[in-house]
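Geometric and topological summary
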Amino acid sequence: VIFPILHGPYGEDGTVQGLIELADVAYVGSGVLGSAVGMDKEMMKRVFKAEGLPQVEYRVLRRSRWERDRAGVLVDLEDQFEYPVFVKPVNLGSSVGVSKADDGQGLEKAIDEAAQYDYKIVIEAEAAGCREIEVAILGNEEPEASVVGEIVPGNEFYDYNAKYVDDNSDSIIPARISPATQEAVRAMGIKAFQAVEAWGLSRVDFFVRESDEAIFINEINTIPGFTPISMYPKLWEASGVSYGALVDRLIRLGMERHEDKQKTRTAR
C-alpha cells in the first residue's frame, strides 16, 4: 500500500494518484477525481456551491486577462469587493502565494504574486470577525468526523510562515464554539468530503463568525499535514484514535477501496 504524503502540484492534485492507478497498487487517500477537485479551488468552490455549502464571496481571475487588462481587472474587483481581500493561486497548498491586500496597490502586488504559481487566481472577501475552525474526516463511503478544533494564527493570518516557520500559532481542541455549531461543522465537513468524492482522509477548514456563529466553508485538504503535531492527527487523537491506530485505519481503507475497484470492469 502506498501512502502518498505529498503536498502541492503533482502530489496532491491527482497526478501521482493516476500513476498509482496505472500501476494497479492500493494507496491511501483520494483518487484522481477527489484529489483534482480538492486541489483546484475554483472547481472545489463550484462543487460546494452546488451542494449548498455557504462560502464567502469570491471571484476567479485568469492570468491571461490580468496580463491583458490590469487596470480593467482592478476596477472590476474594487466594484465587487471591499478591502481587505485575500488573493490565492487556485492550484497550490500550504498558503504559498497567498496574500492579504488592504488597498489597490496591495491588490496589484498580490495578484502578481499569485500569478507566479498558477494561471488561475482566486480573490476572496475577508471573513471578518471569524474563528478559523478545522475538522478531520476519516473513511470511505461512510466517513466519520473528528472533534472540532480551532487555529489561532500567530501572524496576521494563517500564512506559510505561521504554518511552517514562525511556530507562533496555537491550536485549541475542542474549538471555542457552541456544541450545536460543532455538530453543524462536523456534518458540513462530511458533506464537503462526499461532495468532492474524497476517500480515506481529509481536513476541512471553516470560518465561524464570533457574533452569531454563522459558518462559512473555506476549503478541503485531501492530503492534510500528517506529522504527529499536525492538526489532522491531533484532532483524531482528541477523538480517541492514536497516531498508530490512525495509520492502520487509513491503510485498511486504502486496501478496501482497491479491493472494491477490482470488481469494476474497464472493457467488455
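Up top is the structure these notes are about.
We now turn to the structure provided with this report.

Scoring rules and cut-offs
Residues numbered from 1 in each chain as written. Predicted model: local features only at pLDDT ≥ 70, side-chain atom pairs only at ≥ 80, totals over all residues. Heavy atoms only, no water. Helix = DSSP H or I, 4+ residues; strand = E, 2+ residues; numbered from the N terminus. Buried < 20%, exposed > 50% of the residue type's maximum accessible area, 1.4 Å probe, protein only. Contact = heavy atoms within 4.5 Å. Areas by Shrake-Rupley, 256 points an atom, 1.4 Å probe, with all protein chains shown as cover. Lys, Arg positive; Asp, Glu negative; His and termini not counted. Charge placed at Lys NZ, Arg CZ, Asp CG, Glu CD. Axes fitted to C-alpha atoms, helices over the stretch in contact; angles between N-to-C directions. Left-handed = near helix turned anticlockwise from the far one by under 90°. Nonpolar A, V, L, I, M, F, W, Y, C, P; charged D, E, K, R; others polar. Patch = residues over 30% accessible without salt bridge, like charges linked within 9 Å, V, L, I, M, F, W, Y side chains within 5 Å. Salt bridge = Lys/Arg side-chain N within 4 Å of Asp/Glu carboxyl O. Pairing = 2+ DSSP bridges.

Focus on the overall build of the chain
In terms of regular secondary structure, the chain is built from 10 helices and 9 strands. Once the C-alpha set of the chain is aligned to its principal axes, its extents read approximately 55 × 50 × 35 Å. Going through the 268 residues of the chain one by one, you find that 47% of them count as buried. Here the contacts in the chain between residues at least 6 apart in sequence split such that 64% fall between residues at least 24 apart. Of the roughly 13,000 Å² of accessible surface on the chain, 49% is carried by carbon and sulfur atoms. Taking the average location of the 29 positive side-chain charges in the chain and that of its 45 negative ones, the two points are 5 Å from each other.

Describing the packing of helix H5 (residues 70-80) against helix H6 (residues 104-115)
Each pair of packed helices gets described by two things: the angle between the helix axes and the distance between those axes. For the pair H5 and H6, the least separation of the axes is 11 Å and the interaxial angle reads 115°. Considering only the axes of H5 and H6, their crossing is right-handed. On H6, the residues that touch Arg70, Leu74, Leu77 and Glu78 of H5 are Gly104, Leu107, Glu108, Ile111 and Asp112. Its residues assigned to classes, the contact of H5 with H6 shows 4 nonpolar, 1 polar and 4 charged.

Brief notes about a negative patch on the surface
Where like charges cluster on the molecular surface, the negative patch consists of Glu78, Asp79, Asp102 and Asp103. With respect to the element layout, Glu78 can be found in helix H5.

Topic: the sheet that holds strand E9 (residues 215-221)
Sheet architecture is open: 5 strands sit in the order E7-E6-E5-E8-E9, paired in antiparallel fashion. The sheet terminates laterally at strand E7 (170-172) and E9, the two strands that pair on one side only. Strand-to-strand twist of the sheet, defined as the mean angle between neighbouring strand axes without regard to direction, takes the value 30°. Relative to E7, strand E6 (residues 144-152) runs antiparallel, the two being bridged by 3 bridges. Looking at the pairing, Val152 lines up with Asp170 of E7.

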